[in-house]
Amino acid sequence: MKTTISRILLAATLALPVAASATAAFVPPVPEIAGKAYYLVDFNSGQVLAAQGPDARVEPASLTKLMTAYLTFKAVKEKRLTLDQMLTVSNRGWKTDGSRMFLDPKVPVKVDDLIKGMIVQSGNDACVTLAEAIAGSEDVFAQVMTQQAQKLGMKNTQFRNATGLPHADHYTTVHDLAILSAALIRDFPEFYPTYSIKSFTYNNITQPNRNLLLYRDPNVDGMKTGYTDTAGYNMITSSHRDGRRVISVVVGTASPEARAVESSKLLNYGLQFFDTPKLYSAAKPVSDVPVYKGAAKSVPVGFGQDVYATVVKGQAGQLKADLSTVQPLIAPIKAGQTVGKLVVSLDGKPLLERPVVALQAVEEGGFFGRLWDSIKLMLGWK
């Protein structure tokens, strides 16, 4: 098969501001970050804006609880748990080391309170209780955590517990943590507001959220902090402004204040110097592609999700796109089937790539229509 390519000038088709010149974009330098590793990504486009040691193995500490939360939200969404369900606290959960929400093994607790205790108070006892309810034991739950990580594309992550307590084989990377954070926001938007709660009271004990940026920056609405002696002070933070959202991961800083300051540097860098224009809307046709041997002669193609691109401010008008589709495209074709790809470039360099999909199904045509298209293909006719 051969590939046909049609070029679309985004500045023209999307009414993006036209750049004054075609000079290469000046990318402001990333601020110096005092941490072991860091990662900054634009949520809508998925583009990395800054990184240091993205794939270096690190100890997540309580950032682990993002995966515990992910699986808890998944269990609620699949009706394997309900928010008002009462759970009994096991002896193991009650005695778990580290931060806790001070559960009482004699008093059943609602799943909804456990979620808040896990997220706001970073309660290890809450994590173990939820893990045991979902998987029967924390050890089995940790195996499910690792499997889910692989499904999300977290290639360098392995979990050994639901809490983040130190273990030689419990590790991840800042890249993988960014993948997990974005997936949690994307897949469970109904639960995400929990990450902005500034304090939670359980068993007559009020504990504050340890994310200091929730109190300092009105644009910050999550996500999680972590600490152990060996990991240092870690933090994942999400900030939104003017329709954009960026996620930062900073690990291995020296103090709670340091992780807040360094995270703020990254977030402001991403929001201040970059734009993320929307290029295409999901399910909206961008072209019609010829179809052979089908009940229809063509199929509208587009994207399964909105397409965004992140560029330095003022450079959106220089974006260009190559839309390539597989030819000949032969029926039957399923709605959502990948039929090509879009490559968006800036200054002649690829910036992002997205699959192009059929927006409608095309069934096989009748016998004579298929026969005629077979002859056309054999003779190279269009």
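Values in this document were obtained by computation on a predicted structure and should not be read as measured data.

All right, on to the packing of aromatic side chains then. This model, assessed by the stated rule, comprises eight aromatic pairs. Taken together, the ring pairs in this structure connect Tyr70, Phe73, Phe188 and Phe191 into an aromatic cluster. Over the ring of Tyr171 we find Arg57; its NZ or CZ atom is 3.6 Å from the centre of that ring.

Overall, antiparallel pairing links the five strands, which are arranged β3-β2-β10-β9-β8 in an open sheet. Looking at the sheet topology across the chains shown, the edges are occupied by β3 (48-52) and β8 (220-228). Shown here is a sheet whose adjacent strand axes are inclined to one another by a mean of 5°, direction ignored. Pairing of strand β2 (residues 37-42) with strand β10 (residues 244-253) involves six bridges; the strand directions are antiparallel.

A rise of 1.5 Å per residue sets the reference length of helix α5 (residues 124-135), with its 12 residues, at 16 Å; its end C-alpha atoms lie 16 Å apart and thus fit the reference within 8%. Along α5, the residues classified as buried are Asn124, Asp125, Ala126, Cys127, Val128, Thr129, Leu130 and Ala131. Against the buried residues of α5 lie α2 (65-77), β4 (86-87), α3 (91-95), α4 (111-119) and α6 (138-152). The first or second residue beyond α5 is Gly136, which carries a positive phi of 95°.

The next thing to look at is the packing of α2 against α5. Viewed as axis vectors pointing N to C, α2 and α5 meet at an angle of 40°, and their least axial separation amounts to 10 Å. Regarding the angle of α2 to α5, the classification is oblique. Taken as a pair, α2 and α5 cross one another with a handedness that is left-handed. Residues Lys65, Thr68, Leu71, Thr72 and Ala75 of α2 form the contact with α5, whose own contacting residues are Asn124, Cys127, Leu130 and Ile134. Considered class by class, the residues forming the contact of α2 with α5 number five nonpolar, three polar and one charged.

Once the domains are mapped, the protein shows domain 1 (37-274) and domain 2 (278-379). Averaged C-alpha coordinates put domain 1 and domain 2 at centres separated by 38 Å. Every contact between the two is made by 10 residues of domain 1 and, on the other side, nine residues of domain 2. Surface buried jointly by domain 1 and domain 2 totals about 750 Å² across both partners, of which 50% is contributed by carbon and sulfur atoms. In terms of surface lost to domain 2, no three residues of domain 1 exceed Ser45, Gln47 and Phe274, which account for 60% of the buried area on that side. Put simply, domain 1 and domain 2 have zero salt bridges between them. Taken together, domain 1 and domain 2 are joined by six residue pairs in polar contact (both at pLDDT 80 or more).

Parameters at a glance
Residues numbered from 1 in each chain as written. Predicted model: local features only at pLDDT ≥ 70, side-chain atom pairs only at ≥ 80, totals over all residues. Heavy atoms only, no water. Phe/Tyr/Trp six-rings, centres within 6.5 Å; stacked < 30°, edge-to-face > 60°. Lys NZ or Arg CZ within 6 Å of the ring centre and 35° of its normal. Pairing = 2+ DSSP bridges. Helix = DSSP H or I, 4+ residues; strand = E, 2+ residues; numbered from the N terminus. Axes fitted to C-alpha atoms, helices over the stretch in contact; angles between N-to-C directions. Expected span 1.5 Å × (residues − 1). Buried < 20%, exposed > 50% of the residue type's maximum accessible area, 1.4 Å probe, protein only. Contact = heavy atoms within 4.5 Å. Parallel < 35°, antiparallel > 145°, perpendicular 65-115°, else oblique. Left-handed = near helix turned anticlockwise from the far one by under 90°. Nonpolar A, V, L, I, M, F, W, Y, C, P; charged D, E, K, R; others polar. Domains from an automatic or database assignment. Buried area = accessible area lost by both parts, 1.4 Å probe. Salt bridge = Lys/Arg side-chain N within 4 Å of Asp/Glu carboxyl O. Polar contact = N/O pair within 3.5 Å; in protein donor to acceptor, adjacent residues only side chain to side chain.

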